[in-house]
Amino acid sequence: MKKVALAMAFASLGMSCGIQASPINVDILSATVKDKHIDGASVTLQRNGAQSVTGVTNASGRVELASTFSDDQDALLIVKKEGYSNLVVKCPCAGMTYAISPVMTNLDGMRVVLNWGNTPYDLDSHLMFPGGHVFFRHKEGVDANLDVDDTDSYGPETVTISKKHFGDSYIYAVQDFSNNARPESDRLSASSAKVFVYVGSSLVRSYSVPVGKTGNIWTVFKLNPNGEFEDINTITGANFGDRPQGVSDLPNVLASATMAATSAPVVQHSGDITLAKQYNREGEAIYKNGQLEQAIGYFQRATELDGNYGQAFSNLGLAYQKNGQIAEAIWANRKAISLASGANAATTRANSYYNIAKIYENAGQNADALRHYQLANAEKNKPTYEEAIARVKAKM
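Okay, so let's go over this structure.

## A word on the overall build of the protein
- Each helix and strand in the protein was counted, giving nine helices and 18 strands.
- In the protein, which comprises 396 residues, the share counted as buried stands at 50%.
- Looking at the protein alone, contacts between residues at least 24 apart form 59% of all its contacts between residues at least 6 apart.

And the structure:
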């Protein structure tokens, strides 16, 4: 009994003295300039939305966070710096390197950033679309480029789409080049790889590599012809043999290997749907009070919990648009269009197409505006849509 009491006393003493967990070191790089270290970035480690510790990166882009809580799946890492999109990462995060993306201004632009751990040394980003395949050999494509290629662990590997072409599909995949002849390898699955997708000034999508799988190709997502995300997040394998870097048939082998993954069923939600509805209601309440950034946060949480929640995406698009985040508003409205169902589906699609068209018209992109006004009118014939079509045609 004395030993038990003594142990409890020491435990209590430790809690009262604030004994800290091991310090957490994180490195922050630029997503678009190879090996550029980002200083002056605010890095916060947060647990369950309550406890948090914050530090600022030094000239080498490193920060050490002296945390009193565990670096586990209940913790988030939040990185902020003026001129860059905020990065939010689900931990464990210790010893990792992350890249932050400069804010994009293109309405149809998108940036995809890949980070991973110490091994494998070389993971490669691949963006495939009609008439193009951007990867380490072909770094420049039509309105798409490989900005950064990393071959010595951690990343980033960064692909930027300057303009997504309406009507075209895009597939983004990651190849484990270090194990390109080993389709049975589990190194990719164990790499701690994460993919972050940015639109405008916002992180709109993030993916973690599936664990406990074998294969050397991770097919992450597809952008369908209307520009909506289709989550795939599947690992498959192919034997690329001893082909040297840049071999001409690599795109064909990779495309063939990803075909099965893109036809797999898409899971759009992975969380608590009841909680998602609660977040949406809370977002609607504070949106009415003009608290746009807070409302956006609630709508984002709702869509993360339930990827099929069309109303939350529609609300998110309205909040983005009113907050001046127009590229993000286009993305959210496209998602609302894809999820529209039931008796009011045509009305929802028409409204969303109209919202997108107005954004394009205000930006002077009349051809894109006309296309979307016509799509709105095809869903619901209205005088407002017909007037908009005539008005834009007169400008062209």
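## What about the sheet that holds strand E2 (residues 42–47)?
- Sheet architecture is open: four strands sit in the order E3-E2-E5-E6, paired in antiparallel fashion. Looking at strand neighbours, the two that pair on one side only are strand E3 (51–56) and strand E6 (87–90), the edges of this open sheet. Strand-to-strand twist across the sheet, computed as the mean angle between neighbouring axes with direction ignored, equals 15°.
- The pairing of E2 with strand E5 (residues 75–80) spans six bridges and is classified as antiparallel. When the bridges of E5 are listed, Val43 appears paired with Val79.

## A few points about the side chain of Glu228
- With respect to the helices, strands and loops of the structure, Glu228 is situated in the loop between strand E17 (217–223) and strand E18 (229–236).
- Only 2.7 Å separates the side chain of Glu228 from the side chain of Asn224, close enough to count as a polar contact.
- Within polar-contact distance, the side chain of Glu228 engages the side chain of Asn226 at 2.5 Å.
- Excluding residues within four positions of it along the chain, Glu228 makes contact with Lys222, Leu223, Arg334, Lys335, Ile337 and Ser338.

## Describing helix H8 (residues 366–379)
- Over its 14 residues, H8 runs 20 Å from end to end, which matches the ideal 20 Å to within 8%, given 1.5 Å per residue.
- If you check which residues of H8 are buried, you get Asn366, Asp368, Ala369, Leu370, His372, Tyr373, Ala376 and Asn377.
- Taken together, the buried residues of H8 touch helix H6 (326–339), helix H7 (345–362) and helix H9 (383–395).

## Structural notes on the pairing of E2
- Here E2 pairs with E3 via six bridges, running antiparallel. The residue bridging Gln46 from the neighbouring strand is Ser52, located in E3.

## A short note on the packing of aromatic side chains
- Inspection of every chain in the model, using the stated rule, returns eleven aromatic pairs.
- An angle of 75° between the planes, with centres 6.4 Å apart, marks the rings of Phe229 and Trp331 as edge-to-face. Of this pair, Phe229 sits in strand E18 while Trp331 sits in helix H6, and the two are 102 residues apart along the sequence.
- When its relative accessible area of 2% is taken as the criterion, Phe229 is described as buried.
- An aromatic cluster is present here, built from Tyr172, Tyr207, Phe221, Phe229, Phe313 and Trp331 joined pairwise through their rings.
- Across from the ring centre of Tyr279, 5.8 Å away, lies the NZ or CZ of Arg301, which sits over that ring.
- Here the guanidinium or amino end of Lys335 rests over the ring plane of Phe313, the centre of that ring lying 6.0 Å away.

Parameters and conventions
Residues numbered from 1 in each chain as written. Predicted model: local features only at pLDDT ≥ 70, side-chain atom pairs only at ≥ 80, totals over all residues. Heavy atoms only, no water. Helix = DSSP H or I, 4+ residues; strand = E, 2+ residues; numbered from the N terminus. Buried < 20%, exposed > 50% of the residue type's maximum accessible area, 1.4 Å probe, protein only. Contact = heavy atoms within 4.5 Å. Pairing = 2+ DSSP bridges. Axes fitted to C-alpha atoms, helices over the stretch in contact; angles between N-to-C directions. Polar contact = N/O pair within 3.5 Å; in protein donor to acceptor, adjacent residues only side chain to side chain. Expected span 1.5 Å × (residues − 1). Phe/Tyr/Trp six-rings, centres within 6.5 Å; stacked < 30°, edge-to-face > 60°. Lys NZ or Arg CZ within 6 Å of the ring centre and 35° of its normal.

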